[in-house]
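What the coordinates show
Residue strings, one per chain:
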Amino acid sequence: MQHPMLNIAVRAARRAGDLIMRSMNRVHQLEVRSKERNDFVTEVDLRAEQDIIDTIRVAFPDHGFLAEESGHTDGAKYTDGKDEFVWIIDPLDGTTNFIHGFPQFAVSIGLQRRGKLECGVIYDPLKQELFTAARGDGARLDDRRIRVSKQISLEGALIGTGFPFRSNIQWLDPYMAMFREVTKQAAGIRRPGAASLDLAYIAAGRLDGFWEMGLSPWDTAAGTLLIIEAGGRVGTLTGDDYQQQGNLVAGTPKVYEALLAIIAPHLSADLQ
Ligand code: IPD
Ligand code: CA
Ligand code: CA
């Protein structure tokens, strides 16, 4: 199906990906600024974000933006529902990886219409893999339709995660208790370091499940739509609707349920 907004998102993501790749060979000379302790931003994040916004704005001048580095633009408040369309942008997901030359990062662009995800793109510029989804039209890797895996239990499952860090370190103890249980039951756990790609990999059947605490809308907007369109499930740690902010569990329908069951006994009051 031709989807004009998805087409623009793809163009913007590819342009940003090319910009990131051109900076790769001088990654150790880049000026790195610390937003807070262990939270870094480079000129590449900033330039890629501006380029994405410029590309989308030319096509859709009335749309709002929620972008990691520049926040809400022009009164486009993500939560107040005033803007019909809001683009949710992570120009470089996996900045810590990028700064270290660790090859796992992506551009993530999602579009909400009246608070509902409409389409999403995650582009891995290193592997040149393009993950796309449009509501009601399925998920794709390049031009191929993708589905979540057929995994029905944790036994044999490969699970992605993100360790709590920065301000989320407060949840390290409950997280480690969950980690222990998943380690005992699953075939393996991976922490690749770019949440958007973790989610895209569930949609593509490369991972069977995922959980992480303290995520932001730009980490998850495109990825959660990909998973839903690929036949998987997403929710909060308590299995409620995920509102593009905070703690996320995802997976094939059965692995999602199995993760919720493992997580439940370890939820402190502030995680419920
Ligand atoms: C981070 C990555 C990482 C996740 C963090 C995110 P950033 O995004 O997605 O995998 O664990 O929670 O903040 O800062 O590299 O865009
Ligand atoms: Ca991110
Ligand atoms: Ca980022």
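Summarised in this report is the structure supplied together with it. (Residues numbered from 1 in each chain as written. Chains lettered and ligands numbered in written order. Predicted model: local features only at pLDDT ≥ 70, side-chain atom pairs only at ≥ 80, totals over all residues. Heavy atoms only, no water.)

A word on the site of ligand 1
Not every one of the 15 residues close to ligand 1 is listed here, only the nearest: D93, G94, T95, R191 and E212. The backbone of L92 places a nitrogen or oxygen atom 3.3 Å from an oxygen atom of ligand 1. At a separation of 2.9 Å, an oxygen atom of ligand 1 approaches a polar backbone atom of A195. Those elements giving two or more residues to the shell around ligand 1 turn out to be β5 (85-93) and β13 (209-215). Element by element, the count of residues in the shell around ligand 1 is highest for β5, at three residues. Grouping the constituent residues of the shell around ligand 1 by class yields five nonpolar, three polar and seven charged. (Near = heavy atom within 4 Å. Polar contact = N/O pair within 3.5 Å; in protein donor to acceptor, adjacent residues only side chain to side chain. Helix = DSSP H or I, 4+ residues; strand = E, 2+ residues; numbered from the N terminus. Nonpolar A, V, L, I, M, F, W, Y, C, P; charged D, E, K, R; others polar.)

Some thoughts on the environment of R147
With respect to the helices, strands and loops of the structure, R147 is situated in the loop between β10 (144-146) and β11 (158-161). Its relative accessible area of 55% is what places R147 among the exposed residues. R147 has contacts with I202, A203, A204, G205, E229, A230 and G231, leaving out every residue within four places of it along the chain. (Buried < 20%, exposed > 50% of the residue type's maximum accessible area, 1.4 Å probe, protein only. Contact = heavy atoms within 4.5 Å.)

A look at the sheet that holds β13
The five strands are arranged β12-β11-β13-β15-β14 in an open sheet whose pairing can be described as mixed. Either end of the sheet is taken by a strand with one partner, and the two such strands are β12 (188-190) and β14 (233-235). The sheet shows a mean angle of 15° between the axes of neighbouring strands, direction not considered. Of the strand pairs in this sheet, β11 and β13 are connected by three bridges, and their pairing is parallel. Within the sheet, the bridge partner assigned to T161 lies in β13 and is W211. (Pairing = 2+ DSSP bridges. Axes fitted to C-alpha atoms, helices over the stretch in contact; angles between N-to-C directions.)

Structural notes on the coordination of the calcium ion (ligand 3)
For the calcium ion (ligand 3), every protein donor is listed as E68 (OE), D90 (OD) and L92 (O), and the spread of their distances is 2.2 to 2.4 Å. All donors of the calcium ion (ligand 3) belong to a single chain; written as a sequence motif, their spacing is E-x21-D-x1-L. Separating the calcium ion (ligand 3) from the calcium ion (ligand 2) is a distance of 3.8 Å, and D90 supplies a donor atom to each of them. With E68 in the loop between β3 (64-67) and β4 (71-72) and L92 in strand β5, the pair connects residues that are 24 residues apart, well separated along the chain. You can call L92 buried: its relative accessible area is 1%. (Donors = N, O, S within 2.8 Å, 3.2 Å for Na, K, Ca; no water.)

None of the figures reported here should be taken as evidence of function without further support.
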